[in-house]
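Structural overview for review
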Number of protein chains: 2
Amino acid sequence: MGDSEVSDGSGEGVNRSAERNSRVLASQRSTPGVQRSRTGASRAQLRTRQIEEIKRVARTQLAERGASGISLREITRELGLVSSAIYRYYDSRDALVTALIIDAYNDLGLSVEVADGSASVHDYWARWQATCRSLRAWSRTHPAEYALLYGTPLVDYKAPGETISAAARVVRVIGRILSDAHRERASDLGPLPDEQLNGWLDVDNFAEVLPEVPSTYYLKALMAWTQLYGFISFELFGHYRGSVIDGDRAFEQVITGLWIFLGFEISGES
Amino acid sequence: MGDSEVSDGSGEGVNRSAERNSRVLASQRSTPGVQRSRTGASRAQLRTRQIEEIKRVARTQLAERGASGISLREITRELGLVSSAIYRYYDSRDALVTALIIDAYNDLGLSVEVADGSASVHDYWARWQATCRSLRAWSRTHPAEYALLYGTPLVDYKAPGETISAAARVVRVIGRILSDAHRERASDLGPLPDEQLNGWLDVDNFAEVLPEVPSTYYLKALMAWTQLYGFISFELFGHYRGSVIDGDRAFEQVITGLWIFLGFEISGES
DNA sequence: AAATAATGTGAGCACCGCTCTCTATTTGCT
DNA sequence: AGCAAATAGAGAGCGGTGCTCACATTATTT
């Protein structure tokens, strides 16, 4: 007693029908080699499908109740499985959440890449605007996912490499815009007080993400990057209540201010 | 069965001794009116003491395991109480967390106020530095508390007024510095593109926090504020891995850059 | 001294993540 | 084709959680 599977009949019912179906199949088996289930899919295909299902349900829970609202047992209930079955797909709750994190990073990365690509390649100001706007737009349509990525880290940083590379997609897009812009029209505004940045910034990494950009601008780029996420986080987490009334217009001002801060000028009519 | 109080003897033992003590007291009662327990404290005093104890234990759990690691049952175990007793002090887990949030805001606010006060009143650059440094220092000595305040909001914004006023303390300190600085030496750097900010910024609020500061600087102040917290959050949440090597020196550069961005000049030898 | 409020007890409910053993089915290899 | 291994799921159970409720005891008010 005390376990839901015992008293809850609905899950059992679904399982029963699955059993029945596969028994029917067993009597129909004709071709050797690759066996196919009722849907005509291989085991590997069913597995990926099941993983997708699990993540789909988990994502709705994430959206509705936040990261702490993700419940493995509830997922299995929804899928007509017994609670322990989910461990065939994810070793732990953290593993599932990690998968969601990676997916979210890639989804966000893709959005930003598309936004950048949709602007004219040499209109850097337009690319900057489109990228910033899509970053904020994604965070507002996926608030729980954004919080998972940029809020309090709950998976205490195992961050299995895959996470890092997925997270880097957004960074690379912005880096490319700044580099492209610098290549053609080098900024004329003075850089920040040019101390030696040996040792306190990872110049190698900056040089890779921001080729063509003089190292004296690295700090400014870091600050712009920080400002962008800071604004989005503050807005989403409610810290602008009482300061910002119209987030849309405030954000437009911010990305304009940042573009100037970065040493570029506003071009065109956009 | 299935409840820890039944099998766990340690908590019971402590309770037993408490019972014994109060029975001894019962036989000692002599003076009417205000009864005093073994410690010679009134019921109200004992209550506040118990609340302090609860928060103390909760804070260690917060520090060791994060917000999700706060367990009411574990707190009661540590205090030698039965698990349900804690609800005499907090209606729910969220209520306890809210109390911790308010305390944390006030603790941070106090730190920042002290830091500002320790600098010479007219040395605004020194006050700015001291304030920013104490903000970051507090966040690094209280990472879990900082995450509670500025990370993913988990108490989905009831924010009972008390939270807001406690949170405003830091804002007011920074506002005072900028206002004082503007009063004497008005900045000469041009403000951001001066669109009308009617409607998209809460000018009344800004005017209250930043008297003496022209409204064309409100956006810059907001951005500086955002930058400050953005840096601290990114650093604490691990998003600067691969970019910032020495956070101390990077932060010094940022607060210098912000001071210039705000239209002031670096004064003195500090 | 009696009535009332405050504090703690103990049992229990419905959850949760996770483990383990057992069974049925599919897959891969000879 | 047949067999061994891998896979997916079932079902029971462990220890933990927040929270509720009826009850006893103690302290304060009236």
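Every value quoted in this text rests on a predicted model; they were computed, and no experiment measured them.

The next subject is the overall build of chain A. When you go through chain A residue by residue, the secondary structure sums to 11 helices and zero strands. Along chain A, helices and strands appear, N-terminal first, in the series α-α-α-α-α-α-α-α-α-α-α. Burial statistics for chain A: of 270 residues in total, 33% are counted as buried. The contacts in chain A between residues at least 6 apart in sequence include a share of 68% that link residues at least 24 apart.

What follows deals with the domain arrangement of chain A. Residue and element names in this part refer to chain A. Here chain A is described as being made up of domain 1 (40-90) and domain 2 (94-261). Here the C-alpha centre of domain 2 lies 31 Å away from the C-alpha centre of domain 1. Between domain 1 and domain 2, the contact holds nine residues from the first and 10 residues from the second.

Quick look at the interface of chain B and chain A now. Each partner contributes residues to the interface: chain B has 39 residues there, and chain A has 39 residues. Elements with a minimum of two residues in the side of chain B that touches chain A: helix 10 (218-236) and helix 11 (247-261) of chain B. Looking at which element gives the most residues to the side of chain B that touches chain A, the answer is helix 10 of chain B, with 10 residues. In the side of chain B that touches chain A, the residues fall into 19 nonpolar, 16 polar and four charged.

The pair of chain copies shares a relation made of a rotation about an axis and a shift along it. Overlaying chain B with chain A gives an RMSD of 0.0 Å, the required rotation being 180° about an axis along which the chain moves by 0.0 Å. Here the two chains are linked by the operation of a two-fold rotation axis. The residues that chain B uses at the interface reappear at the interface of chain A in 100% of cases, marking a shared surface.

Residues and elements named next belong to chain B. When the terminal C-alpha atoms of helix 11 are compared, their 20 Å separation across 15 residues agrees well with the 21 Å that a helix rising 1.5 Å per residue should span. Among all positions in helix 11, only Ala250, Phe251, Val254, Ile255, Leu258 and Trp259 are buried. Once helix 11 ends, the next one or two residues include Gly263, with phi positive near 100°.

Okay, the packing of helix 3 (residues 43-65) of chain B against helix 4 (residues 72-79) of chain B next. Residue and element names in this part refer to chain B. Where helix 3 meets helix 4, the axes come as close as 10 Å, and the angle between the chain directions of the two elements is 120°. It follows from the interaxial angle that helix 3 and helix 4 lie oblique. The handedness of the crossing between helix 3 and helix 4 is right-handed. Contact residues: helix 3 offers Glu53, Ile54, Val57, Ala58 and Gln61, while helix 4 offers Glu74, Ile75, Glu78 and Leu79.

It is worth spelling out the UniProt feature "DNA-binding region" (unreviewed entry) in chain A at this point. Using the residue numbers shown here, the UniProt feature "DNA-binding region" (unreviewed entry) corresponds to residues 71-90 of chain A. With 40% helix and 0% strand, residues 71-90 of chain A has end C-alpha atoms that lie 13 Å from one another.

Moving on to the environment of B:Thr141. Residues and elements named next belong to chain B. By the secondary structure assignment, Thr141 is in helix 6 (residues 124-141). The exposure class assigned to Thr141 is exposed, which follows from the 11 C-beta atoms found within 10 Å. Considering only alpha carbons, one finds Thr141 and Ala63, 78 residues apart in sequence, at a separation of 9.9 Å.

What counts, and where the lines are drawn
Residues numbered from 1 in each chain as written. Chains lettered and ligands numbered in written order. Predicted model: local features only at pLDDT ≥ 70, side-chain atom pairs only at ≥ 80, totals over all residues. Helix = DSSP H or I, 4+ residues; strand = E, 2+ residues; numbered from the N terminus. Buried ≥ 20, exposed ≤ 12 C-beta atoms within 10 Å, placed from the backbone. Contact = placed C-beta atoms within 7 Å. Domains from an automatic or database assignment. Nonpolar A, V, L, I, M, F, W, Y, C, P; charged D, E, K, R; others polar. Least-squares fit on C-alpha atoms with pLDDT ≥ 70 in both. Expected span 1.5 Å × (residues − 1). Axes fitted to C-alpha atoms, helices over the stretch in contact; angles between N-to-C directions. Parallel < 35°, antiparallel > 145°, perpendicular 65-115°, else oblique. Left-handed = near helix turned anticlockwise from the far one by under 90°. UniProt positions renumbered as here; feature names shortened; annotations may be inferred.

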